[in-house]
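# Chain and residue survey
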Amino acid sequence: MHKLWYEKVFFLKAWERGNEAIRVFNKSLELDPMNAKAWYEKELRSKELNMEEEATRCLKKVLELEPTHTLARHKLKQM
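Residues numbered from 1 in each chain as written. Predicted model: local features only at pLDDT ≥ 70, side-chain atom pairs only at ≥ 80, totals over all residues. Heavy atoms only, no water.

### Notes on unusual backbone geometry
As a reminder of what qualifies: Runs of E in the DSSP output that reach at least two residues are strands. Runs of H or I that reach at least four are helices, and both are numbered from the N terminus.
Residues other than glycine seldom take positive phi values, yet Asn-50 does so here, at roughly 60°. Within the secondary structure, Asn-50 is located in the loop between helix H3 (36-48) and helix H4 (52-65).

### Examining the side chain of Glu-43
To keep things clear, this is the line we draw: Only protein chains enter the accessibility calculation, which uses a 1.4 Å probe; a residue whose area is less than 20% of its type maximum is buried, one above 50% is exposed, and one in between is partly exposed. The contact definition used throughout considers only heavy atoms, calling two residues in contact when any of these lie within 4.5 Å.
Here Glu-43 shows up in helix H3. The exposure class assigned to Glu-43 is buried, which follows from its relative accessible area of 1%. Once residues lying within four places of it in the same chain are set aside, the contact partners of Glu-43 are Ala-55, Cys-58, Leu-59 and Lys-75.

### Some thoughts on the packing of H3 against helix H5 (residues 70-78)
Note the threshold: Inter-axis angles, ranging from 0 to 180 degrees, are taken between N-to-C directions of lines fitted to C-alpha atoms, where helices are fitted over the stretch in contact. Here is the rule for handedness: rotate from the far helix to the near one, and if that takes an anticlockwise turn smaller than a right angle the crossing is left-handed, while a clockwise turn gives right-handed. All residues other than Ala, Val, Leu, Ile, Met, Phe, Trp, Tyr, Cys, Pro, Asp, Glu, Lys and Arg, Gly among them, are scored as polar; the first ten of these are nonpolar and the last four charged.
Contact geometry of H3 with H5 gives a least axis separation of 11 Å together with a crossing angle of 35°. Classified by chirality, the crossing of H5 by H3 is left-handed. Between H3 and H5, the residues in contact are Tyr-40, Glu-43 and Leu-44 and Leu-71, Ala-72 and Lys-75, respectively. Class assignment for the residues of the contact of H3 with H5 results in 4 nonpolar, no polar and 2 charged.

### Section: the confidence of the model for the protein
What counts is decided by this rule: As a per-residue quantity, pLDDT reports the predictor's confidence and falls between 0 and 100.
Per-residue confidence for the protein averages 82 on the pLDDT scale, and 77% of its residues sit at or above 70. Mean pLDDT across the secondary structure elements of the protein bottoms out at helix H1 (residues 2-14), with 52, and peaks at H4, with 97.

Structure representation (structure tokens):
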């Protein structure tokens, strides 16, 4: 079920519905909080919406789940 919520985000992004995409990511992550890819994608949407604190929180979660995630580590250093 969480995969359906996760996939819905990409449709919302295409329709430029960023705030709704964040809500859908929240639902997806509620169902599967260990999904590092979803946390990373949520960071991207959060950054697009100038939600800097949320983007930072998401990157930290990605690194908690996948300590070797190079892109997340690099982005976090730049923030």
